[in-house]
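Observations on the model geometry
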Amino acid sequence: MYLGAAPIVECLEKYNPNVVITSRVADAALFLAPMVYELGWNWDSFLLLAQGSLAGHLLEYAHSIYLLITGDKYRDIPYANLLDLSLPFAEITCHGEVCVAKADGNGGSLSTNKILCAGAKPAAAS
């Protein structure tokens, strides 16, 4: 059984920890819980929760998105260059707006088509 974001938020509210160690949780819950806690979202704000879940899934698959961004010619990256990889990150507003971005100067680009396909069917985005 997987836990969702609610137990993580409860822990954050009750103990204000620096780190939360969990049992099995849904991957997106690791991203959604801090959003709910930090941005003050309510559990009945379904649009916000959906936006946060989307951001969580995009970040969960950030490594796949990055491989899709860079394209085939960069898949055999020398070990020394791995230190310069920049995985996508997301900025989320209290209104649920999600902006997925990546650091400048690392090559590649973000594409809506590639991001939307990455979670379910990475091969479909290439």
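Scroll up to find the structure.
Heads up: these notes are all about the structure in this document. Since the structure is predicted, the reported quantities are computational estimates derived from the model, not experimental observations.

Moving on, we come to the overall build of the protein chain. Secondary structure assignment for the protein chain yields 6 helices and 2 strands. When the helices and strands of the protein chain are placed in sequence order, the string is α-α-α-α-α-β-β-α. Counting the 126 residues in the protein chain, one finds 30% classified as buried. Across the protein chain, every contact between residues at least 6 apart in sequence was considered, and the portion connecting residues at least 24 apart equals 47%. Summed over its atoms, the accessible surface of the protein chain is roughly 8200 Å², and 57% of this surface lies on carbon and sulfur atoms.

Here we come to the nonpolar core. If you look at the biggest cluster of nonpolar residues, it comprises 14 residues, and the most contacted ones within it are A5, I8, L32, A33, V36 and W41. Residue contributions to this core peak at 5 residues, all from helix α2 (residues 29-39).

To continue, consider helix α1 (residues 6-15). Within the span of α1, buried status applies to I8, V9 and L12. Viewed end-on, α1 has its buried residues packed into an arc of 100°, placing them on one side of the element. In α1, the exposed residues that point more than 90 degrees away from the buried face are E10, K14 and Y15. Buried residues along α1 sit in contact with α2. Downstream of α1 by one or two residues, N16 has phi in the positive range, about 50°.

What counts and what doesn't
- Residues numbered from 1 in each chain as written.
- Predicted model: local features only at pLDDT ≥ 70, side-chain atom pairs only at ≥ 80, totals over all residues.
- Heavy atoms only, no water.
- Helix = DSSP H or I, 4+ residues; strand = E, 2+ residues; numbered from the N terminus.
- Buried < 20%, exposed > 50% of the residue type's maximum accessible area, 1.4 Å probe, protein only.
- Contact = heavy atoms within 4.5 Å.
- Areas by Shrake-Rupley, 256 points an atom, 1.4 Å probe, with all protein chains shown as cover.
- Core = buried A, V, L, I, M, F, W, Y, C linked by side-chain atoms within 4.5 Å.
- Arc of directions from axis to C-beta.

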